Each structure stands twice: as C-alpha cells, then as structure tokens.
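Descriptive analysis of the structure
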Amino acid sequence: MFSTLDVDIRPGSGLGRFEIGASLWTVLDMLRHLQHSFPQVEIKYDPDTSSTTPVILHIRPHLDLLFSGKHQRLHTICLRKLRDPNPPVLLRYKDMILSSTEECLTRVAVRRTFGPTYPGDELRYPGLWFSFEEDAMGEGVKSGHGDDRTQEVKRVMISQKENDGKSLDALEEVRELPVMAGDVRQAVVKVHHGVTLYFYPASSQPVHVKLGETTAQDLTLDLGPPLRVHYKEDERMSIHAKDNTSEAHDEPRYFYNYFQHGLDFLITGPEHTVTKIILHTNVPGSPLFQRYKRCNWEIEGEPEDDEDDTPPRKRFFDRFETISHFLSPREPPPSMHLDRTDEEEDVTLPSATSRLYGYDGIILEVSESSQVLSVTLF
C-alpha cells in the first residue's frame, strides 16, 4: 500500500514540502529523514564540471528537482506522472483539488483555475507552467493538440518568478528568497588572517573569524552552537609538523562542525581560540559530498596599490591551476595523497582519492579533475 503524495502548488514559491531557493544540502538531508515517503532518489550531474554543474534529483516516480550550478539552490520543481497510482498523487491549489486518481487535470481545467495566458503548446503563468508532453526532453516537440480542451496535463513545473513575471532561465542562479535567511551567502578568505562571512539577507552584518583571536565562545555567539563538537584524536599528520613537541598535544584540541554552513573550526589552547578554518565546496561525486553544505568561498589577494579598493579574488569554481598560480606564481608544491576510504573497509567511491597542496598559511584539497574540494587556513 502506497501513501498518497499530497502536495500543494505555490506558483513561484514551491510544491508541497519543497521550497524554491532551498539548498541541495538541506533538501537531501530532509529526504534522508523521509526515506519511507521518498525511497528512490537518484542524483545526476556532469562529472567533468561537478563544481558548477546543475544537479538534478530524480525522486521516483513523480518528482524532478533542478538545483543551480554554483549556489546549489532549488531552481525548478517538476511534478510528473500525475495519474500513476504508485504512489497516487493529490495535487492542490489553495482550497481546490486539481488532480487525483479520480480527477484528471486537463487544459480547460487549468484555464478555469488560473485564467487566460499566452497561446502555445504549454500553458505558462508566472512561476508556474503546465506541459502536455510526457518527457522534459520533448520541450520543443509540437504536440499538435494545442486546441484540445480535454488534453491531459503530463507535467507541472514551478520556478522562481522574474521581476517581469516570467520564469527564471534554467541556467540562472536563484535570487535571494526568505528560505535562505541565516545561510552563508559568501565567505571571503584572507590568508594568515581568517574569513569574513556574509549572510542572507544581504542586509545582515558580516561575521569576522580571525585566526588566533576568535574564541569558541565568539563562534557560539555569532553562529550559534555547532551541529557537532569533534575532539581531535587523529594526530597522524603531526609527523609532518616542524614543531612536534608533546606539550602541544596536551592542549585541548577540538573541532566545531557547522555542516549547515560548510565550515569547520579547529579550536586549541587554554584560551580556546580558532587556529584552523576549513571551508567545503560540496562537489558532487567527491568523498565528502553532502556531509557539508556548499560554502561559497573566495580567496582574496593583496591590492595592487593603495588606491585599489577591489583586490583580486579567486572563487571555489576556479580550477586548481588558476588558484595555485594566484597563491604562488611558482610551480605547485609537492602534493600528498589522501584516500577518504582508508578508514572504511566496505566503502568504495569512484573518486575516493584527492591531493593536498600546502602553501604559506593555506592548504587546498584537490580532486583528480582539478576541482578544489576544500580550503584550510592555518
């Protein structure tokens, strides 16, 4: 017995529990907790450009969710197979039932509910459109039934409204929405100094996290309590440290993990200060994908002169070679191999290996396809 998928249409805003503008991390986390309702979820993306590729979640058999490439925000919701009984779909708009196993949604029913719109094979309204083709790949195919009042709706799509009322282009980023409130909008990295965090809404005050100055208490006051506190017990990398004294290991050392912001902070010493900051890119197909939300980080360089108020920056989607040259014009330093599956005997990943490149005050974790998976400041 399948439970009914009961969803309401909100043009330009959402469908059921899915909100336009929600992050990929948030939606996948929600689906993980609702496996009884959504047991089949497939993630699709372009592996060659996975740091900037749009991501599609196929939630079989009824839902396709398209997320924007750079900010990983829910861009378009597609509801299909409205009459498929496994599970049955109950589609509502305000207080009306539009479609169910007994009620077929037709062209004339759409016009009666939403009013007139421009002519075409699809019925398009601001932030909402109805298609009479089975597959999204058939967008440009003429159905030949444009005047058939009883033609059955095959797909319903919701997307953000443009300022002129039109729907957002499929490759554009989602503009700021209330669902983004409290999320990190931008993280500006300054090597040897720390990171400045800018939040939604854009009018929010930024938060400055400074290496060696910001304390655990400061983080809690500015960011709220972390989702997890992880006490650092793995000291294998200390063999590479120049100062390998035992006194350093006796100090408190623990991480504040802000998975919802794509950030980790290593806190050490008697004053409990931040000594390391890790920013995660959440690249699909990488070992840490979906453990952290994408952090939209930028590395800021030094101004070219005293009058330069726009110092150069490199962003998370720039290739490793570009960022490496930005950090040091010389050849990239020697790298270390990191295999995230070494500790998990039963786990296999298509791209489990990454490389660590160390520079003065910063470490880049890089995938085999030259995408930067994370940035570590120290």
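Starting from 1, residues in each chain are numbered consecutively following that chain's sequence as written. Where totals are concerned, whole chains, interfaces and linings use all residues; where local detail is concerned, this predicted model gives features only for residues with pLDDT of at least 70, and gives and counts side-chain atom pairs only at 80 or more. Side-chain metrics in this entry use all non-hydrogen atoms of the structure; hydrogen atoms and water are not considered.

1. So, the pattern of salt bridges
Worth spelling out the cut-off: The salt bridge criterion pairs a side-chain nitrogen of Lys or Arg with a carboxyl oxygen of Asp or Glu, the two atoms within 4 Å. Each residue gets one of three labels from its accessible area relative to the maximum for its type: buried under 20%, exposed over 50%, partly exposed in between, using a 1.4 Å probe on protein chains only.
By the definition in use, this model includes 14 salt bridges. Residues Glu122 and Arg124 are paired through a salt bridge, measuring 2.8 Å at the closest nitrogen-oxygen approach. Judged by relative accessible area, which is 13%, Glu122 ranks as buried. In this structure, the salt-bridge partner of Glu152 is Lys154, at a minimum N-O distance of 3.8 Å. Judged by relative accessible area, which is 25%, Glu152 ranks as partly exposed. One connected set of salt bridges, linked through shared partners, spans Lys190, Glu298, Glu300, Arg313 and Arg315.

2. Quick look at helix α5 (residues 320–327)
Note the following rule: Runs of H or I in DSSP of at least four residues are treated as helices and runs of E of at least two as strands, each being numbered from the N terminus. Directions pointing from the helix axis toward each C-beta atom define the arc. The contact definition used throughout considers only heavy atoms, calling two residues in contact when any of these lie within 4.5 Å.
Taken together, the buried positions of α5 are occupied by Phe320, Ile323 and Ser324. What you see down the axis of α5 is that its buried residues fit within an arc of 100°, all on one side. The inward-facing, buried residues of α5 contact β20 (297–300), β21 (313–315), β23 (353–359), β24 (362–366) and β25 (372–377).

3. With respect to the confidence of the model for the protein
Here is the rule: Confidence of the predictor at the level of single residues is captured by pLDDT, which takes values from 0 to 100.
Looking at the protein, pLDDT values average 88 and 87% of them are 70 or higher. The model gives residues 137–144 a pLDDT under 50, and that stretch makes twelve contacts with residues more than four places away or in other chains.

4. Observations regarding unusual backbone geometry
Cis peptide bonds are those with omega within 30 degrees of zero, and the linkage from Arg60 to Pro61 qualifies with 0°. For Pro61, the position within the fold is in the loop between β5 (55–59) and β6 (63–67). A cis amide bond links Tyr200 with the next residue in sequence, Pro201, at an omega value of -5°. By secondary structure assignment, the location of Pro201 is in the loop between β14 (194–199) and β15 (207–210). Phi is positive for Gln72, close to 55°, though the residue is something other than glycine. Within the secondary structure layout, Gln72 lies in the loop between β6 and β7 (74–80). When its relative accessible area of 3% is taken as the criterion, Gln72 is described as buried.

5. Details of the packing of aromatic side chains
For the record, the criterion: A pair of aromatic rings is counted whenever rings of Phe, Tyr or Trp (Trp by its six-membered ring) have centres within 6.5 Å, and the orientation is called stacked for planes under 30 degrees apart, edge-to-face for over 60 and tilted otherwise.
As enumerated under the stated definition, the model contains 13 aromatic pairs in all. Judged by centre distance (5.8 Å) and plane angle (65°), the rings of Phe18 and Phe38 are edge-to-face. Taken together, the residues span a long stretch of sequence, with Phe18 in strand β3 (residues 18–19) and Phe38 in the loop between α1 (24–33) and β4 (41–44) at a distance of 20 residues. Both residues of the pair, Phe18 and Phe38, belong to the buried class. Summarising the aromatic geometry, the rings of Phe114 and Tyr125 are spaced 5.6 Å apart at their centres and angled 40° between planes, so their arrangement reads as tilted. You can see Phe114 sitting in helix α2 (residues 107–114) and its partner Tyr125 sitting in strand β10 (residues 123–125), a full eleven residues away along the chain. Taken together, the ring pairs connect Tyr231, Tyr254, Tyr256, Tyr258 and Phe265 into an aromatic cluster.

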